[in-house]
Structures are given as C-alpha cells and as structure tokens.
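Listed here are the chains, written in short residue letters.
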Amino acid sequence: MGIQIGNHCLTTLLFADDQVIVANDEEDIDYMLRKLKEEYAEWGLKMNMTKTEYLKMADDGQVDRSLELSNIKQCEEYKYLGTIISQEGTSNRDIQHRTNTTKAEMYPNSKFSTLVE
C-alpha cells in the first residue's frame, strides 16, 4: 500500500482538515477508504462524500463497480498545499499555472493577465 519514497512508504498526507490517501491500485485505495471511514466513525466523524474526489494517474477509464471508489467523483487534477497534482503525473500544469500567475501579477494590463485560470 502507498508509494515507496526511499526507505519509507507514503500512504497518507494530512493538513488541517484535509487528508489525501496514496495507493498503488484501486483495491488498496478501496481498503484504505473503508478503514478511514471506520476510524472516523469511531471518533464520531463522517466523511463529506460530496467533497471527496479521487485522482487516478495513468487512467485507463475503468473502475471496478464493486469498489467504494466507484461512488466517488473522479477529478483530473487537484491542488494540495498550493501545488497542482495532475493525472499525467508531471508538474507541467503546476508550472504553467505558476508562470501565468506570475506574468499576470507583473504585467496586469497586458495579455498575460487573461491567461490566469
């Protein structure tokens, strides 16, 4: 479960009330999602499923309908702590967004100001 980074295995990212689950495949993410819901329930908490999304890199377009994951909205990218994480697994969208934002700030009356998303 999770992804290997050096000698460590990254399975989750936490900041304030946001939590990101990291897994290698749909079965792992489904298991982790069920366990997370159970743990939250023990503390009297409930996940807001309308705000919950998942990002699948190297998307083949298929999600096993028997998994909990099939009930969650899929996204193409999301922003976590100011960094855009995209389906492609590259930082190209994040770099382009930061470049456009900087140009719009530096040249507010130019064509660059209209590039910011």
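Just so it is clear, the structure is predicted and the values come from calculations on it, not from any experiment. (Residues numbered from 1 in each chain as written. Predicted model: local features only at pLDDT ≥ 70, side-chain atom pairs only at ≥ 80, totals over all residues. Heavy atoms only, no water.)

Q: Can you tell me about the overall build of the protein chain, naming the residues and giving the values?
A: When its secondary structure is counted, the protein chain shows two helices and eight strands. Listing each helix as α and each strand as β along the protein chain from the N terminus yields β-β-β-β-α-β-β-β-β-α. The buried share among the 117 residues of the protein chain stands at 24%. Within the protein chain, counting contacts between residues at least 6 apart in sequence, those at least 24 apart form 27% of the total. Of the roughly 8700 Å² of accessible surface on the protein chain, a fraction of 52% belongs to carbon and sulfur atoms. (Helix = DSSP H or I, 4+ residues; strand = E, 2+ residues; numbered from the N terminus. Buried < 20%, exposed > 50% of the residue type's maximum accessible area, 1.4 Å probe, protein only. Contact = heavy atoms within 4.5 Å. Areas by Shrake-Rupley, 256 points an atom, 1.4 Å probe, with all protein chains shown as cover.)

Q: Describe the side chain of Thr52, naming the residues involved and giving the relevant values.
A: Note on placement: Thr52 falls in the loop between α1 (26–42) and β5 (53–55). The exposure class assigned to Thr52 is buried, which follows from its relative accessible area of 16%. Here Asn48 takes part through its backbone oxygen, which lies 2.8 Å from a polar atom of the side chain of Thr52. Apart from residues lying up to four places away in sequence, Thr52 is in contact with Met47, Ile72 and Lys73. (Polar contact = N/O pair within 3.5 Å; in protein donor to acceptor, adjacent residues only side chain to side chain.)

Q: Which residues make up α1, and what are the values?
A: Between its first and last C-alpha, α1 extends 24 Å over 17 residues, near the 24 Å set by a 1.5 Å rise per residue. Among the residues of α1, those classed as buried are Glu26, Asp28, Ile29, Asp30, Met32, Leu33 and Leu36. Looking at the buried residues of α1, the elements they touch are β4 (18–21). A positive phi of about 75 degrees marks Gly44, the residue just after α1. (Expected span 1.5 Å × (residues − 1).)

Q: Could you give an account of helix α2 (residues 92–106), naming the residues involved and the relevant values?
A: With 15 residues, α2 ought to run about 21 Å at 1.5 Å a step, and its terminal C-alpha atoms sit 21 Å apart, in line with that. Among all positions in α2, only Asp94, His97, Asn100 and Ala104 are buried. The buried side chains of α2 occupy one side of the element, clustering within an arc of 135 degrees when seen end-on. Turned more than 90 degrees off the buried face of α2, the exposed positions are Asn92 and Met106. Looking at the buried positions of α2, the neighbouring elements they touch are β7 (77–80) and β8 (83–86). (Arc of directions from axis to C-beta.)

Q: Would you mind going over the side chain of Asp28 in detail, with residue names and values included?
A: Within the secondary structure layout, Asp28 lies in helix α1. Buried charge without a partner: Asp28 forms no salt bridge, and the closest opposite charge is Arg34, 9.3 Å away. Apart from the residues lying within four places of it in its own chain, the contact partners of Asp28 are Met1 and Ala23. (Lys, Arg positive; Asp, Glu negative; His and termini not counted. Salt bridge = Lys/Arg side-chain N within 4 Å of Asp/Glu carboxyl O.)

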